Amino acid sequence: MHPNALQPTGPGLDSSAQPETFVAAILLVEDEPVTRASMAARLTRLGYRVLEAENGRAGLDMARRERPDLIIVDWMMPEMDGPTFCEAVRRDPLLKSSQILLMTSHDKPAQIAEGLVRGADDFLSKAASKQEITARVLAGLRTSRLVRELETTSSQLESSLLLLQAKQEEMEADLHSAAAFVHSLLPPQGSPVQGISLAWEYQPSLTLGGDLFGVMAIDAEHLALYILDASGHGVAAALRSASLMTFLRAENILQLIGSYDPEQVLFEANRRFPLSADGAYFTLWVGQLHLPTGSLTYASAGHPGALLSQTQSPARWLIRSSFPLGFDPSALYACDRIVLKPGDRLFLLSDGIYEVSSPGGELWGRERFQKTIDEGKPMSLSATIASSFSAARGWQQAQHFPDDAAVVGIEMTGDPEERLNG
Amino acid sequence: MKIKERILPQGIILDLEGDLTYANQAAFKVAVEKAKQAGCRHLIVNMEQVRFVDSAGLGLLVLVSQSFKRLQAQVSMLKPQNYVREIMSLANIPKMIPIYENEQDALIALAA
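Residues numbered from 1 in each chain as written. Chains lettered and ligands numbered in written order. Predicted model: local features only at pLDDT ≥ 70, side-chain atom pairs only at ≥ 80, totals over all residues.

Here's the deal with the sheet that holds strand β15 (residues 405–412) of chain A
Residues and elements named next belong to chain A.
Now for step 1: One open sheet holds the five strands; their spatial order is β6-β15-β14-β11-β12, and the pairing between them is antiparallel. The outermost strands of the open sheet, each flanked by one partner alone, are β6 (196–203) and β12 (313–317). Within the sheet, the average angular offset between the axes of one strand and its neighbour, ignoring direction, is 15°.
Now for step 2: As defined by bridge partners, strand β14 (residues 345–349) adjoins β15 across five bridges and the pair is classed as antiparallel. In the sheet register, phenylalanine 347 faces β15, and the bridge partner there is glycine 409.
Now for step 3: Against the sheet, helix α10 (residues 381–396) touches β6, β14 and β15, its axis set at about 20° to β6. (Pairing = 2+ DSSP bridges. Helix = DSSP H or I, 4+ residues; strand = E, 2+ residues; numbered from the N terminus. Axes fitted to C-alpha atoms, helices over the stretch in contact; angles between N-to-C directions. Contact = placed C-beta atoms within 7 Å.)

What follows is the structure, given as structure tokens:
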């Protein structure tokens, strides 16, 4: 192998794929035929492939065609001189990283400075010795190789980034599709049965939320309602929630238990949804409303949010201390019972609505949430819920919630007879 | 979250400072694992400087309690702040993880 046969540096060449005998290409741009021939002969003897151009314009064309590893250009040339050639190379996106040796018969500092400013990388005196020419050419080729390696790496990084962006977009599209599906499982707002209004607002902290709820007619006389809250956030929590939601479908529960008795539903859910190995679990509140009488039977598995708002008295929480699902496989969940009258409202909520902090770090909290519900009595059900979200956002001075936030409201709008006949 | 470990003859006390939440539970997991590796029989989690525990933090505490029970070891908590105490109470946590108002009571109860 010739001593100057270098590792590959040519355009678009992969160093690992090229033969070891790759010979660097040097473009020599010189208008003086004798000087050009003499320098070309020297370089050829040193083992390089030499490309020759007789002026700057021809040199530019050849450089674009051949992408040489190094360009040696004479300063003084008619039509396009060396520094102008350097400027043209630096402006050309394809050539701008080329290594250029500016050849001159002068070595005045001002001239050198001008050459560097206009785009040259180094200088070569026309009177240089064989040793100096060898050293400067080798240095230029070393830099050229490093620059091209950088360009290759940068191009690979750019490709990887584009690939990652495409994957990210794909994943986000999937997440939005999954979120739309989960949203489609939520009960339609309006009137699930005659005499009862339903309104809700739901703001997942990420694209997919882990808080879900349901309101559904069990038979002509019963309405079942629940809210569940999966610990954690994101896709894993959403998937676990969808699984529990499937379990809580009326057909499934009626087949398993024979009724939507909250105590039995929680007992069965507790058995089937244990605490996961990484500490994930659910809280769940389940109620069953007897439409003819307005009697609401309910039970909670550690769920902190069910609030009763009655026309004549302040709102009160319908909760008691109990284990979330999966904390204790032998846990029993006791039922409580109240009677809802016309005008009464029941709100099921996740803690994400009131566990928001002000910029100073103070929690909004359950009491302030309760106050917005009390103050919302003169408003419509949906307006009351909207005002609670608005107050929470105002408190944290941010639109998005750090945790999933859900508030579901039902209102007894008609008398029991109407509900029964509806 | 900042965690300071204090090793006593009767067990290990973890002084927690900050929120115990989904976002910053890693430090707590590491501290607990270290205590387990050290053969700790009594782990006391000092909650006095914990302002907030979310559902994930709660799950983690229960998981830790259960894993210590499997090793015939115990976990207890010290002085949770009011809001944290309320969250614990709603989820019935004191039935699983005893809460004490001072270190002395916790150490005496653990020794009993």
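Side note on the nonpolar core
Now for step 1: Membership of the largest hydrophobic core comes to 102 residues, with the highest contact counts inside it found for Trp200, Tyr226, Leu284, Leu348 and Ala406 of chain A together with Leu43 and Val45 of chain B.
Now for step 2: Considering each element in turn, this core owes the most residues, eight residues, to helix α2 (residues 55–70) of chain B.
Now for step 3: Excluding residues that lie within four positions of it along the chain, tryptophan 200 of chain A makes contacts with Gln189, Phe213, Ile385, Ala406, Val407, Val408 and Gly409 of chain A.
Now for step 4: Formed by 27 residues, the second largest nonpolar core is a distinct cluster that contains Leu27, Ala63, Leu70 and Leu124 of chain A. (Core = buried A, V, L, I, M, F, W, Y, C linked by C-beta atoms within 7 Å. Buried ≥ 20, exposed ≤ 12 C-beta atoms within 10 Å, placed from the backbone.)

Quick notes on the interface of chain A and chain B
In many analyses, interface size is given as the accessible surface area lost on bringing the parts together.
Now for step 1: Across the boundary between the two partners, chain A contributes 19 residues, which contact 15 residues of chain B.
Now for step 2: When grouped by side-chain class, the residues that make up the side of chain A that touches chain B number nine nonpolar, seven polar and three charged. (Nonpolar A, V, L, I, M, F, W, Y, C, P; charged D, E, K, R; others polar.)

Examining the packing of helix α2 (residues 56–66) of chain A against helix α3 (residues 82–91) of chain A
Residues and elements named next belong to chain A.
Now for step 1: Closest axis-to-axis distance for the α2/α3 pair is 10 Å, and the angle between their directions is 30°. By the angle class used here, α2 and α3 are roughly parallel. Crossing geometry of α2 relative to α3 is assigned as right-handed. Contacts between α2 and α3 involve Gly56, Gly59, Leu60 and Ala63 from the former and Thr84, Phe85, Ala88 and Val89 from the latter.
Now for step 2: Among the residues making up the contact of α2 with α3, the classes are represented as five nonpolar, three polar and no charged. (Parallel < 35°, antiparallel > 145°, perpendicular 65-115°, else oblique. Left-handed = near helix turned anticlockwise from the far one by under 90°.)

Regarding the pairing of strand β8 (residues 222–230) of chain A
Residues and elements named next belong to chain A.
Now for step 1: Here β8 lies mainly inside the structure; eight of its nine residues are buried.
Now for step 2: Sheet analysis places strand β7 (residues 211–219) next to β8, joined by eight bridges and oriented antiparallel. When the bridges of β8 are listed, alanine 217 appears paired with leucine 223.
Now for step 3: Counting the residues that bridge the hairpin from β7 to β8 gives two residues.

A word on the domain arrangement of chain A
Now for step 1: The assigned domain composition of chain A is domain 1 (25–157) and domain 2 (186–421).
Now for step 2: One C-alpha centre belongs to domain 1 of chain A, the other to domain 2 of chain A; they are set 76 Å apart. (Domains from an automatic or database assignment.)

Examining helix α3 (residues 82–90) of chain B
All names here are of chain B.
Now for step 1: Every buried residue of α3 is accounted for by Val84, Ile87, Met88 and Leu90. Taken around the axis of α3, the buried residues stretch over an arc of 165°, which confines them to a single face.
Now for step 2: Elements that come into contact with the buried residues of α3 comprise β3 (42–53) and α2.
Now for step 3: Taken from the residues just after α3, asparagine 92 is the one with a positive phi, measuring 65°. (Arc of directions from axis to C-beta.)

What about the environment of methionine 77 of chain B?
All names here are of chain B.
Now for step 1: Along the chain, methionine 77 turns up in strand β4 (residues 74–78).
Now for step 2: Taking C-alpha positions, methionine 77 is 12 Å from valine 64, a pair spaced 13 residues apart along the chain.
Now for step 3: Those residues in contact with methionine 77 that sit more than four places away from it in its chain are Val45, Met47, Ile97 and Ile99.

Observations concerning the packing of helix α9 (residues 365–375) of chain A against α10 of chain A
All names here are of chain A.
Now for step 1: Viewed as axis vectors pointing N to C, α9 and α10 meet at an angle of 145°, and their least axial separation amounts to 9 Å. When the axes of α9 and α10 are compared, the crossing they make is right-handed. Here Phe369, Thr372 and Ile373 of α9 lie close against α10, whose contacting residues are Thr384, Ser387, Ser388 and Ala391.
Now for step 2: For the contact of α9 with α10, a count of residues per class yields three nonpolar, four polar and no charged.

Some words on the sheet that holds strand β9 (residues 282–290) of chain A
Residue and element names in this part refer to chain A.
Now for step 1: Strand order in the open sheet formed by five strands is β7-β8-β9-β10-β13, and the pairing between neighbours is antiparallel. Because the sheet does not close on itself, it has two edges, and the strands there are β7 and β13 (336–339). If you compare each strand with its neighbour and ignore which way they point, the axes differ by 15° on average.

As for α2 of chain A
Residue and element names in this part refer to chain A.
Now for step 1: Among all positions of α2, only Gly56, Gly59, Leu60 and Ala63 are buried. All buried residues of α2 project into a common sector of 100° when viewed along the axis, lining one side. Away from the buried face of α2 by more than 90 degrees, exposed residues Asp61 and Arg65 are located.
Now for step 2: Along its buried surface, α2 packs onto β1 (25–29), β2 (49–53), β3 (70–74) and α3.
Now for step 3: Just downstream of α2 lies arginine 67, where phi reads positive at about 45°.

Quick word on the confidence of the model for chain B
Now for step 1: In this model, chain B carries an average pLDDT of 92, and 99% of its residues clear a pLDDT of 70 or more.
Now for step 2: Across the interface, the model reports ipTM at 0.89; the global pTM reads 0.72. (pLDDT = per-residue confidence, 0-100.)

Structural notes on unusual backbone geometry
Glycine aside, a negative phi is what most residues show, and trans is what most peptide bonds show.
Now for step 1: A positive phi angle, close to 70°, is found at glutamate 79 of chain A, a residue other than glycine.
Now for step 2: Mapped onto the elements of the fold, glutamate 79 of chain A is located in the loop between β3 and α3.
Now for step 3: The class of glutamate 79 of chain A is exposed, set by 10 C-beta atoms lying within 10 Å.
Now for step 4: Even without being glycine, lysine 79 of chain B reaches a positive phi, approximately 40°.
Now for step 5: Relative to the helices and strands, lysine 79 of chain B is located in the loop between β4 and α3.

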